[in-house]
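Chain by chain, the residues run as shown.
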Number of protein chains: 4
Amino acid sequence: MIVIFKPNASPEKVKALCARFEASGLKIHNSEGEHTHLIGLIGDTSSVDIDLVRANDIVEDVKRVSEPYKKANRKFHPADTVVDVGGHKIGGGHFTVMAGPCSVESAEQITEVARRVKASGAGLVRGGAFKPRTSPYSFQGMRAEGLTLLRKARQATGLPIVTEIMNTEHIGLFEDVDMIQVGARNMQNFELLKELGKLKTPILLKRGLSNTLEEFLMSAEYIMAGGNENVVLCERGIRTFETSMRNTLDISAIPMLKAKSHLPVVVDPSHAAGIAWMVEPLAMAAVAAGADGLMVEVHNDPPHAKSDGAQSLTPDQFDGLMEKVRGAVSFFGKELN
Amino acid sequence: MIVIFKPNASPEKVKALCARFEASGLKIHNSEGEHTHLIGLIGDTSSVDIDLVRANDIVEDVKRVSEPYKKANRKFHPADTVVDVGGHKIGGGHFTVMAGPCSVESAEQITEVARRVKASGAGLVRGGAFKPRTSPYSFQGMRAEGLTLLRKARQATGLPIVTEIMNTEHIGLFEDVDMIQVGARNMQNFELLKELGKLKTPILLKRGLSNTLEEFLMSAEYIMAGGNENVVLCERGIRTFETSMRNTLDISAIPMLKAKSHLPVVVDPSHAAGIAWMVEPLAMAAVAAGADGLMVEVHNDPPHAKSDGAQSLTPDQFDGLMEKVRGAVSFFGKELN
Amino acid sequence: MIVIFKPNASPEKVKALCARFEASGLKIHNSEGEHTHLIGLIGDTSSVDIDLVRANDIVEDVKRVSEPYKKANRKFHPADTVVDVGGHKIGGGHFTVMAGPCSVESAEQITEVARRVKASGAGLVRGGAFKPRTSPYSFQGMRAEGLTLLRKARQATGLPIVTEIMNTEHIGLFEDVDMIQVGARNMQNFELLKELGKLKTPILLKRGLSNTLEEFLMSAEYIMAGGNENVVLCERGIRTFETSMRNTLDISAIPMLKAKSHLPVVVDPSHAAGIAWMVEPLAMAAVAAGADGLMVEVHNDPPHAKSDGAQSLTPDQFDGLMEKVRGAVSFFGKELN
Amino acid sequence: MIVIFKPNASPEKVKALCARFEASGLKIHNSEGEHTHLIGLIGDTSSVDIDLVRANDIVEDVKRVSEPYKKANRKFHPADTVVDVGGHKIGGGHFTVMAGPCSVESAEQITEVARRVKASGAGLVRGGAFKPRTSPYSFQGMRAEGLTLLRKARQATGLPIVTEIMNTEHIGLFEDVDMIQVGARNMQNFELLKELGKLKTPILLKRGLSNTLEEFLMSAEYIMAGGNENVVLCERGIRTFETSMRNTLDISAIPMLKAKSHLPVVVDPSHAAGIAWMVEPLAMAAVAAGADGLMVEVHNDPPHAKSDGAQSLTPDQFDGLMEKVRGAVSFFGKELN
């Protein structure tokens with residue numbers, strides 16, 4: 001960490017601040033120029049609060065040199081993490097597709113879609129029971145009953161299930177869920193992240209719409225710091241100025257996250273654009289850029305879906321997509337499972 | 001709501017979709033041009049799901065004409081809402097300043113700061129007990145004990161208290177809190193909003209860092225739809241590309257929110273820039289643009305604050321600020337209380 | 001185009017406005033509901049100025065239904081445009097790689113790099129003579145002399161050249177340049193676009209850092225409206241909140257631009273991230289998403305480059321990249337030329 | 001400037017790079033920790049190209065400590081710059097209002113508006129002759145003829161004129177213009193900035209829609225480095241995700257620019273929101289935040305304006321605005337001239 005002092009900083013105050021840093025075990029390298037006086041702090045600075053340092057009236061700026069995350073950091077864990085969800089591996093060369101409807105709507109719907117996506121090669125079935133909706137007047141999901149229907153679909157098909165949690169009070173209901181999803185709007189719901197850190201269940205952590213990659217990794221760090229290292233990162237589109245599609249897929253996030261962290265990275269091309277015909281080119285790009293998996297929305301009857309129909313594929317369209325995904329995953333040297 | 005059809009839409013499918021709209025009580029106005037075929041839906045479209053309509057393969061685009069919020073909408077409630085927090089009024093010409101430390105750190109600290117800000121003219125004392133922090137390694141707040149200390153500060157000074165809630169499980173602890181704050185990162189924590197809608201306590205709802213004003217009002221609508229109409233909107237800076245300050249105060253949000261909604265709007269100039277010396281010019285701008293109040297961070301010893309010291313004023317600095325605020329509020333025709 | 005009236009709009013004024021629309025040849029479809037009164041304008045609305053309509057005090061909002069661009073619009077030109085640059089085709093299944101240094105620095109440098117990238121399979125050589133730099137104290141390019149050196153490199157290798165123009169006054173110097181590049185910061189330099197519209201030379205139009213796809217296509221429309229239809233669109237990364245890389249590649253722009261327009265789309269993975277090791281995964285993603293070409297920075301000695309060294313590949317690295325590009329272009333069904 | 005090395009950087013290469021820095025007159029402070037090795041460069045680093053340093057394969061990151069601008073920097077020029085335009089002062093406690101139509105449309109229109117805004121207290125008349133329009137099919141301005149009409153309005157009223165330049169080729173036409181405006185889309189048209197640096201005419205430099213304050217000041221630096229120090233900065237709204245108004249006024253830019261630079265800062269509340277009724281609250285906020293002037297669009301007949309009618313005030317509305325501006329400027333301790 002670099003601390004830059006103001007031009008007129010009093011030498012006594014600088015000395016006092018340095019003494020505080022040294023008292024907390026850091027070494028100090030002093031660097032004085034004509035216009036600039038700065039110090040470098042050497043040692044473990046992850047517990048130093050940048051804002052606190054910046055609050056000193058002698059400090060002009062503070063710059064972090066090392067990353068504020070440890071457990072998610074590839075520097076301290078060079079090998080790829082492989083997360084296993086009911087026998088399906090994600091990461092380390094293993095590629096998994098999760099597919100299913102945005103919302104669970106009925107036993108027939110979810111079981112039928114699960115059957116179809118399994119036949120096409122999906123490894124997990126997804127479906128929302130608790131639904132975060134912008135409007136209080138929109139369908140809010142089948143909630144606990146939706147989880148029951150997901151379990152039935154798992155029983156019927158053998159596919160592990162992944163579904164979203166919105167509140168710490170519901171954790172008991174998610175006990176036998178194979179993979180718990182944290183939605184984009186809850187990426188910084190820190191109370192929820194802390195509770196999920198106490199479980200062993202794999203977590204699918206979606207990136208917030210306007211969050212940086214460092215913030216994304218800090219949210220993974222919350223879960224890992226609690227003891228749950230089974231975290232899969234999911235890029236699902238960021239908010240930009242573009243209005244012709246819902247969000248903008250940040251394809252660069254895939255190689256950058258994989259360089260900074262050992263955690264697997266999957267991509268949700270359905271939410272990224274919000275448009276069914278764009279799922280295929282975005283899915284191909286995700287595979288080409290090095291993703292470890294995909295999450296795709298599939299609905300038996302998109303125009304009558306209770307949510308997000310515009311981005312859902314039909315089972316037939318998904319079957320066509322999987323044929324191309326299978327080829328591309330193999331071309332780019334990974335193994336679909 | 002306007003539905004625009006694709007150039008080659010089959011007339012049968014168009015007819016079927018129109019029949020569905022009519023069945024739900026809407027009237028249809030048809031408009032066919034050489035290159036464009038569209039319909040206007042007349043009636044209460046707040047329950048029509050735009051995504052569902054867009055999912056039809058005959059639909060090119062859907063545009064909303066009326067706002068998706070009702071209870072927060074000034075069209076249906078022309079008079080300003082005035083929210084009363086322990087005798088201090090916000091809105092309708094009444095201006096209130098809330099001040100105090102980012103985090104409650106000790107009984108002495110919060111009580112002393114409360115005394116000082118009261119003497120300077122603040123109407124409420126603020127202080128964080130539950131703290132949303134980006135890093136799991138940062139101070140997370142005194143939690144339940146912090147609430148106890150806030151109550152003591154209230155008892156000592158008579159100032160009503162405002163403090164942040166992060167989780168539905170803590171609602172019981174907030175029973176006698178005078179105003180409950182929802183933080184920016186929880187603006188779309190819909191489960192939390194729904195629970196707060198069941199209370200009567202005034203809610204200070206902070207705008208998310210990258211949310212539109214419509215999304216902000218939809219979150220207020222969540223609380224109001226549940227029955228709690230005591231909502232105060234708080235603009236606290238949005239995320240932009242600028243790196244010289246933490247966030248960018250959206251001053252335009254004040255007149256626009258007040259045009260679209262009858263709810264009071266307050267501004268947090270401390271979080272907006274994250275820099276103590278910028279609090280005064282931003283506070284002046286907020287008053288000039290029509291805000292109904294301010295939320296300002298004040299700490300007895302900013303460089304040793306456990307969080308957000310860089311943006312905190314000392315009690316003396318706050319006293320100087322209040323002198324200017326008092327003059328400006330009066331100049332712009334409002335009443336400080 | 002849809003015009004929505006304010007709730008209390010005077011009927012006389014509405015009538016007068018409608019009369020003006022009808023006088024300009026448009027047909028009007030009227031639609032009146034309980035809370036909303038709107039009209040649809042049928043006919044060629046591309047000459048209607050939205051702002052002018054919005055300026056009426058009876059108008060609440062105006063929404064465009066059809067695109068404001070014609071010549072760039074795929075609706076009126078369904079077949080892919082193929083742009084030929086010195087025998088190298090871009091678009092319609094043809095894929096071309098343009099490579100070379102950020103700046104032309106010497107005769108040896110540009111000729112040597114041209115030889116190397118040609119040997120690896122590039123179809124065009126790029127090199128900046130006029131350089132747009134953020135700082136007046138940075139190297140500004142060799143200017144006219146740089147163009148001379150580019151011509152020598154072309155003579156030595158036979159590769160057509162592409163280089164950036166910054167000012168209408170320089171157009172004479174670019175007479176025998178094979179493809180003229182418009183940089184991101186000049187995407188809305190309308191005087192420049194108009195002059196380029198009078199030429200026949202192919203134009204490589206780079207997207208501005210924060211521009212929407214519609215604005216991008218409107219800039220192409222400026223060139224095409226002048227008579228030059230040889231426009232190639234180039235996505236080169238957009239500005240986002242991310243700080244770990246220079247820009248964020250908007251991969252979704254590729255399929256969306258190709259859906260809305262018949263113009264070819266190429267991608268610049270070097271500027272997109274500004275980091276040499278990210279060029280390969282982003283190039284692969286671009287091919288997979290349907291791009292018609294790539295623009296890649298290659299320098300014989302990146303650490304001593306006069307600009308943008310951090311993102312440049314060495315000729316050997318470029319050779320390795322081209323091997324993968326060749327495979328991927330073929331896998332995704334296009335032909336490298 | 002701080003250079004951070006990669007964990008495995010070869011000591012020889014580090015030595016070689018340091019030797020290069022020392023050869024260019026910089027002193028080096030070395031700082032080695034367990035996980036981090038970095039150096040601080042002491043001396044004038046404004047000529048060091050960050051990208052070039054970053055291109056070394058031993059370098060992990062480079063951070064600038066001092067600002068890259070000198071002439072615009074308040075550190076080296078503590079006193080406020082006061083720019084005088086035909087006797088009207090901007091900066092250093094002097095406040096000037098510039099007003100007039102978006103486009104010059106006829107001799108009567110511009111002279112009449114000039115008369116009216118002068119009577120209300122404006123110090124300069126504005127009017128666009130060359131118009132940057134997103135669409136090639138929109139009105140492009142009266143161009144040279146518009147400049148002639150502006151001169152007539154000046155003759156008739158005595159008000160100095162400010163108008164926008166779009167191209168270096170037009171500089172001759174602007175010889176006797178009192179203040180030359182650079183539009184937001186040309187903020188980084190570096191060839192234009194360089195030419196304007198050769199003049200003595202005051203320049204009104206508008207901030208680009210998505211540019212940082214540092215980039216804004218670097219563009220001012222371009223003009224000043226050429227020898228023209230009469231630069232006035234203009235904040236005119238930035239692009240954000242908000243859709244209910246055209247742009248978002250960055251009020252925080254005012255105090256931050258004035259802290260970093262000695263140049264005057266004016267605000268354009270008309271373009272900032274693009275909505276006439278928002279001009280007043282935004283203008284009040286600008287005055288309160290410390291702006292040195294305003295630029296306001298006034299049109300005799302907004303609904304028939306050839307451009308930007310939606311944001312134009314009528315002369316009567318402007319008169320009402322000026323009454324409030326006069327009061328606020330005086331309340332906040334500046335002098336209107």
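Definitions and cut-offs
- Residues numbered from 1 in each chain as written.
- Chains lettered and ligands numbered in written order.
- Predicted model: local features only at pLDDT ≥ 70, side-chain atom pairs only at ≥ 80, totals over all residues.
- Heavy atoms only, no water.
- Helix = DSSP H or I, 4+ residues; strand = E, 2+ residues; numbered from the N terminus.
- Contact = heavy atoms within 4.5 Å.
- Areas by Shrake-Rupley, 256 points an atom, 1.4 Å probe, with all protein chains shown as cover.
- Lys, Arg positive; Asp, Glu negative; His and termini not counted.
- Charge placed at Lys NZ, Arg CZ, Asp CG, Glu CD.
- Salt bridge = Lys/Arg side-chain N within 4 Å of Asp/Glu carboxyl O.
- Polar contact = N/O pair within 3.5 Å; in protein donor to acceptor, adjacent residues only side chain to side chain.
- Nonpolar A, V, L, I, M, F, W, Y, C, P; charged D, E, K, R; others polar.
- Buried area = accessible area lost by both parts, 1.4 Å probe.
- Pairing = 2+ DSSP bridges.
- Axes fitted to C-alpha atoms, helices over the stretch in contact; angles between N-to-C directions.
- Least-squares fit on C-alpha atoms with pLDDT ≥ 70 in both.
- Expected span 1.5 Å × (residues − 1).
- Buried < 20%, exposed > 50% of the residue type's maximum accessible area, 1.4 Å probe, protein only.

Named according to an unreviewed UniProt entry, chain A is 3-deoxy-7-phosphoheptulonate synthase originating from Ruthenibacterium intestinale.

K.L.:
Kindly report on the overall build of chain A, identifying the contributing residues and their values.
P.N.:
On a plain count of helices and strands, chain A comes out with 10 helices and 15 strands. With respect to the principal axes defined by its C-alpha atoms, chain A has extents near 75 × 45 × 40 Å. Summarising the internal contacts of chain A: among those between residues at least 6 apart in sequence, 67% fall at separations of at least 24. Approximately 11,100 Å² of chain A is accessible, and the part contributed by carbon and sulfur atoms is 49%. Counting 38 positive and 41 negative side-chain charges, chain A places the averaged centre of each group 2 Å from the other.

K.L.:
Which residues make up the interface of chain D and chain C, and what are the values?
P.N.:
Taken residue by residue, the interface counts 51 residues in chain D and 50 residues in chain C. The interface formed by chain D and chain C includes 6 salt bridges. Measuring nitrogen to oxygen at the nearest pair gives 2.4 Å for the salt bridge that ties E215(D) to R239(C). Scanning the region where chain D abuts chain C turns up 25 residue pairs in polar contact (both at pLDDT 80 or more). In terms of residue count, the dominant contributor to the side of chain D that touches chain C is helix α6 (residues 213-225) of chain D (5 residues). Class assignment of the residues belonging to the side of chain D that touches chain C gives a composition of 16 nonpolar, 17 polar and 18 charged.

K.L.:
Give a detailed account of the interface of chain C and chain B, specifying residues and quantitative values.
P.N.:
Contacts between the two partners involve 24 residues from chain C, matched on the other side by 24 residues from chain B. Carbon and sulfur atoms supply 68% of the area that chain C and chain B bury against each other, a total of about 1,800 Å² over both sides. Summed over the three residues of chain C that lose the most area to chain B, namely I42(C), V65(C) and F241(C), the buried surface amounts to 28% of that side. One can count 2 salt bridges joining chain C with chain B. For E60(B), the salt bridge goes to K75(C), with nearest N and O atoms at 3.4 Å. On inspection of chain C and its partner chain B, the count reaches 8 residue pairs in polar contact (both at pLDDT 80 or more). Every element with two or more residues in the side of chain C that touches chain B is listed here: β1 (2-5), β2 (27-32), β3 (37-42) and β4 (59-63) of chain C. The element that contributes the greatest number of residues to the side of chain C that touches chain B is β2(C), accounting for 4 residues. A class-by-class count of the residues in the side of chain C that touches chain B yields 8 nonpolar, 8 polar and 8 charged.

K.L.:
Summarise the sheet that holds strand β1 (residues 2-5) of chain B; cite the residues concerned and give the values.
P.N.:
All names here are of chain B. Across the sheet, which stays open at both edges, the 4 strands sit in the order β2-β3-β1-β4 with antiparallel pairing between neighbours. Each edge of the open sheet carries a strand with a single partner, namely β2 (27-32) and β4 (59-63). On average, adjacent strands in this sheet sit at an angle of 20 degrees to one another, irrespective of strand direction. As defined by bridge partners, β2 adjoins strand β3 (residues 37-42) across 6 bridges and the pair is classed as antiparallel. Within β3, the residue paired with S31 across the bridge is L38. Of the strands in this sheet, β1, β2, β3 and β4 touch helix α1 (residues 11-23), which is tilted by about 10 degrees from β3.

K.L.:
Outline the relation of the copies chain D and chain C, listing residues and values.
P.N.:
Mapping chain D onto chain C calls for a screw motion: a turn of 180 degrees about the axis and a shift of 0.0 Å along it, with 0.0 Å RMSD after fitting. Taken together, the rotation and translation relating the two chain copies correspond to the operation of a two-fold axis. When the interface residues of chain D are mapped onto chain C, 98% of them are again interface residues, pointing to one common binding face.

K.L.:
Before we move on, could you go through the relation of the copies chain C and chain B and cite the residues and values that matter?
P.N.:
Once chain C has been moved 0.0 Å along the axis and rotated by 180 degrees, it coincides with chain B to within an RMSD of 0.0 Å. When the interface residues of chain C are mapped onto chain B, 100% of them are again interface residues, pointing to one common binding face.

K.L.:
So what's going on with helix α6 (residues 213-225) of chain B? Residues and values would help.
P.N.:
Residues and elements named next belong to chain B. Compared with the 18 Å implied by 1.5 Å per residue over 13 residues, the 18 Å span of α6 between its first and last C-alpha is a close match. Of all the residues in α6, the buried ones are L213, E215, F216, L217, M218, S219, A220, E221, Y222, I223 and M224. Tucked inside the fold, the buried residues of α6 contact α5 (190-196), β11 (203-206), β12 (231-235) and α7 (253-260). G227 lies just past α6 and shows a positive phi near 120 degrees.

K.L.:
Hey, could you go over the side chain of E164(B) for me, with residue numbers and the actual values?
P.N.:
Residue and element names in this part refer to chain B. Inspection of the secondary structure puts E164 in strand β9 (residues 161-165). No salt bridge is formed by the buried E164; the nearest opposite charge belongs to K131, separated by 5.2 Å. The contact partners of E164, leaving out residues within four places of it in the chain, are F130, P132, F174, Q181 and G183.

K.L.:
Describe the sheet that holds strand β1 (residues 2-5) of chain D, with residues and values.
P.N.:
By way of backbone hydrogen bonds, the strands of a sheet pair with one another, either parallel or antiparallel. Residue and element names in this part refer to chain D. Strand order in the open sheet formed by 4 strands is β2-β3-β1-β4, and the pairing between neighbours is antiparallel. With one partner strand each, in any of the chains shown, β2 (27-32) and β4 (59-63) form the two edges of the open sheet. Here the average twist between neighbouring strands, direction ignored, is 20 degrees. The pairing of β1 with strand β3 (residues 37-42) spans 4 bridges and is classified as antiparallel.

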